[in-house]
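Overview (structure and organization)
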Amino acid sequence: VATGSKFSGIVCNDDDFESLAVKCGKVSGDLAHPLPFAPEFFCSEFESKVADMKNSVKNRANAQSSCAAQFVYNHIDDEWKEKGGKWLHVDMAGPSTHDSGRGTGYGVGLLVSLVEELNK
């Protein structure tokens, strides 16, 4: 987990939306830190000889959280992306689980704060 147990890693295709998510993380206490969104580097990780793409990266050392977000982004409708649709992936593997194995509730506050900000 690239960002440890207190921060989620976020991957976004829009700098302003990414900044808003970081701000909302600070307001809500569900801290978030940006990770690289670089399709030009990560799309090739999913190339396959037998399918449209494979659900695994070629290089396990190549930014797995960013690659996982890229995998999701690859499945978003191209027309929506071309129209400037904003997208945010929250990798909350670290902060979502307490050491006891129970869930922490991480992400609820972040999502509520984002929705409130977007509806202003």
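To start, this report covers the structure provided alongside it. (Residues numbered from 1 in each chain as written. Predicted model: local features only at pLDDT ≥ 70, side-chain atom pairs only at ≥ 80, totals over all residues. Heavy atoms only, no water.)

The next thing to look at is the packing of helix 1 (residues 15–28) against helix 5 (residues 108–118). Across the interface, helix 1 lies against helix 5 with an axial gap of 8 Å and an inter-helix angle of 125°. In terms of orientation, helix 1 lies oblique with respect to helix 5. In this structure, helix 1 meets helix 5 at a crossing whose hand is right-handed. On the side of helix 1, the interface is formed by Phe17, Leu20, Ala21, Lys23, Cys24, Gly25, Val27 and Ser28, while helix 5 contributes Gly109, Leu110, Ser113, Leu114, Glu117 and Leu118. For the contact of helix 1 with helix 5, the residue count by class is eight nonpolar, four polar and two charged. (Axes fitted to C-alpha atoms, helices over the stretch in contact; angles between N-to-C directions. Helix = DSSP H or I, 4+ residues; strand = E, 2+ residues; numbered from the N terminus. Parallel < 35°, antiparallel > 145°, perpendicular 65-115°, else oblique. Left-handed = near helix turned anticlockwise from the far one by under 90°. Contact = heavy atoms within 4.5 Å. Nonpolar A, V, L, I, M, F, W, Y, C, P; charged D, E, K, R; others polar.)

Let us look at helix 1. Its 14 residues place the ends of helix 1 20 Å apart at the C-alpha level, agreeing with the 20 Å of an ideal helix rising 1.5 Å per residue. If you check which residues of helix 1 are buried, you get Phe17, Glu18, Leu20, Ala21, Val22, Cys24 and Gly25. For helix 1, the elements touching its buried residues are strand 1 (8–12), strand 2 (32–34), strand 3 (88–91) and helix 5. Between a side-chain oxygen at the N-terminus of helix 1 and the backbone nitrogen of aspartate 16 the separation is 3.2 Å; the capping residue is aspartate 14. Looking one or two places after helix 1, you find glycine 29, whose phi comes out positive at around 90°. (Expected span 1.5 Å × (residues − 1). Buried < 20%, exposed > 50% of the residue type's maximum accessible area, 1.4 Å probe, protein only. Polar contact = N/O pair within 3.5 Å; in protein donor to acceptor, adjacent residues only side chain to side chain.)

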